[in-house]
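Overview (structure and organization)
Okay, here's what each chain looks like letter by letter:
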Amino acid sequence: MFVKRRRWDATYDEAEAPVGRLISKYAPGAAEATDLAANPFIRLERSLWELSDSSGAAIAGNTSQSGSWLKARGARGRLRPGIARLLNNPKTLVAAIEALLEEYFTPGAAELVRAELGLDLVFSPAASPLRRPSRSVSKRVDRAETESVRGRFHLPTNFENLDYDTRLRWRALMWLVQVRATNNNRIPSNQLSLFEFEGKRIALADRQRGIRKPKELEAALSIKTAYRPDHQSRPYEDGVIGERLRRYKYAGEDPNYFTNVALRRAYEQKLPLIYFLGLASGIYEALFPWWIVADQPEELQVVISLDPPQGTDPIWTPWARRGRHAAR
């Protein structure tokens with residue numbers, strides 16, 4: 001079977017912008033410096049990294065040169081062949097990335113780097129001797145069919161005969177149980193687009209909107225409150241009403257806007273919702289299941305509860321029971 005090999009080399013011209021941007025963003029005090037990428041490009045551990053100019057002549061690791069000097073000479077770095085062969089094993093690559101993130105970044109910063117770079121990593125318990133315990137989210141969570149999930153939430157016996165909406169919500173909730181456990185419920189936003197259902201990827205949250213209604217559904221699937229620092233005002237005043245109640249604001253001021261209509265349908269059909277609450281920039285906590293127990297178009301809001309309304313389909317009883325025991 002043909003397997004596409006990754007590139008393990010780059011010119012300085014290729015690396016300068018993305019590496020410099022990351023250093024500026026995540027290295028304290030680096031924003032004012034110039035040639036941010038030059039020093040790591042030259043000084044990367046030489047037992048791993050070879051550096052040469054356009055003629056193939058080696059560039060010493062103890063040199064102190066500018067980015068313009070490197071570009072003028074067509075500087076190119078590459079991982080040594082033995083290291084490249086190791087990293088062509090996906091498990092070793094994942095373990096190496098995790099080792100670097102955990103060694104040089106705080107947990108919060110590491111999660112933000114994973115989210116920004118789209119590091120959707122897949123782990124196995126014995127990935128490599130390099131592997132360390134990690135809170136990263138797995139790209140594939142085996143459709144939540146792990147023993148721990150099955151032990152608590154059995155699929156209904158007639159699952160395959162249920163309507164599409166019900167099947168999708170069940171699978172999404174089961175998937176999130178495992179994602180939350182794997183990631184300590186600090187989920188990078190890019191992970192919320194990785195859920196797959198019946199052979200199709202369906203994002204559980206919208207990037208730009210707070211209310212998520214997949215085109216495959218008539219009713220809203222999830223709601224989201226983005227993170228804002230304390231000194232910044234929020235565009236919508238979502239908030240806590242009581243111990244198990246919250247208010248969630250409509251999108252805009254038109255009760256008949258399509259996402260607001262989708263909320264209303266979830267209310268009328270007594271369907272469970274997922275609530276993504278921002279913990280930091282690009283990091284969300286998944287809270288579920290919630291039900292809409294009041295629609296208040298005059299207030300441009302709905303009221304959501306951890307307790308399902310009377311008349312909710314018994315199919316959701318296992319999740320309702322879960323909600324009664326914990327808000328999170």
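Residues numbered from 1 in each chain as written. Predicted model: local features only at pLDDT ≥ 70, side-chain atom pairs only at ≥ 80, totals over all residues. Heavy atoms only, no water.

By the definition in use, this model includes 13 salt bridges. Across the pair Asp-9 and Arg-7 runs a salt bridge whose closest N-O atoms are separated by 3.4 Å. Relative accessible area serves as the criterion here: at 26%, Asp-9 is assigned to the partly exposed category. Put simply, Glu-50 and Arg-78 hold a salt bridge, and the shortest N to O gap is 2.7 Å. With Glu-50 in strand β2 (residues 49–52) and Arg-78 in strand β3 (residues 76–79), this residue pair connects regions lying 28 residues apart in the sequence. (Salt bridge = Lys/Arg side-chain N within 4 Å of Asp/Glu carboxyl O. Buried < 20%, exposed > 50% of the residue type's maximum accessible area, 1.4 Å probe, protein only. Helix = DSSP H or I, 4+ residues; strand = E, 2+ residues; numbered from the N terminus.)

Glancing now at the side chain of Arg-264. Mapped onto the elements, Arg-264 comes out in helix α9 (residues 258–268). A distance of 2.8 Å separates a polar atom in the side chain of Arg-264 from the backbone oxygen of Pro-255. Those residues in contact with Arg-264 that sit more than four places away from it in its chain are Tyr-250, Pro-255, Asn-256 and Asp-295. (Polar contact = N/O pair within 3.5 Å; in protein donor to acceptor, adjacent residues only side chain to side chain. Contact = heavy atoms within 4.5 Å.)

Before going further, it helps to spend a moment on the sheet that holds strand β1 (residues 9–11). Spatial ordering of the open sheet is given by β1-β3-β2, a layout of three strands whose pairing is antiparallel. In this open sheet, the two strands that pair with only one neighbour each are β1 and β2. Recorded for the sheet is a direction-independent mean angle of 15° between the axes of neighbouring strands. When β1 meets β3, the two strands line up antiparallel, connected through three bridges. Each residue of the ladder has a partner; that of Asp-9, found in β3, is Arg-78. (Pairing = 2+ DSSP bridges. Axes fitted to C-alpha atoms, helices over the stretch in contact; angles between N-to-C directions.)

Among the nonpolar cores identified, the biggest contains 50 residues, and Leu-263 and Phe-276 are the most heavily contacted of them. Sorting the residues of this core by element identifies α8 (164–183), α9, β11 (273–280), β12 (283–296), β13 (301–305) and α10 (317–325) as the ones contributing at least two each. Beyond its immediate stretch of four places on either side in the chain, Phe-276 contacts Leu-176, Leu-192, Leu-204, Ala-205, Ser-222, Ile-223, Lys-224, Thr-225, Tyr-284, Glu-285 and Ala-286. Formed by 17 residues, the second largest nonpolar core is a distinct cluster that contains Tyr-12, Ala-15, Leu-51 and Ile-59. (Core = buried A, V, L, I, M, F, W, Y, C linked by side-chain atoms within 4.5 Å.)

With that settled, consider α8. Look at α8: 28 Å from first C-alpha to last across 20 residues, which is about the 28 Å you get at 1.5 Å a residue. When you tally the buried positions in α8, you get 17 out of 20 residues, the bulk of the element. The opening residue of α8 is Asp-163, an N-cap whose side-chain oxygen sits 3.2 Å from the backbone nitrogen of Asp-165. Just beyond α8, the residue with positive phi is Asn-184, at close to 55°. (Expected span 1.5 Å × (residues − 1).)

Among the eight residues that make up β11, six are buried, leaving the element largely enclosed by the rest of the structure. Across six bridges, the pairing between β11 and β12 is antiparallel. Bridge pairing in β12 places Leu-273 opposite Trp-290. Hairpin geometry of β11 and β12 is characterised by an intervening segment of two residues between the two adjacent antiparallel strands and by a positive phi of about 80° at Gly-282.

Function cannot be inferred from these measures alone, as they are strictly geometric.
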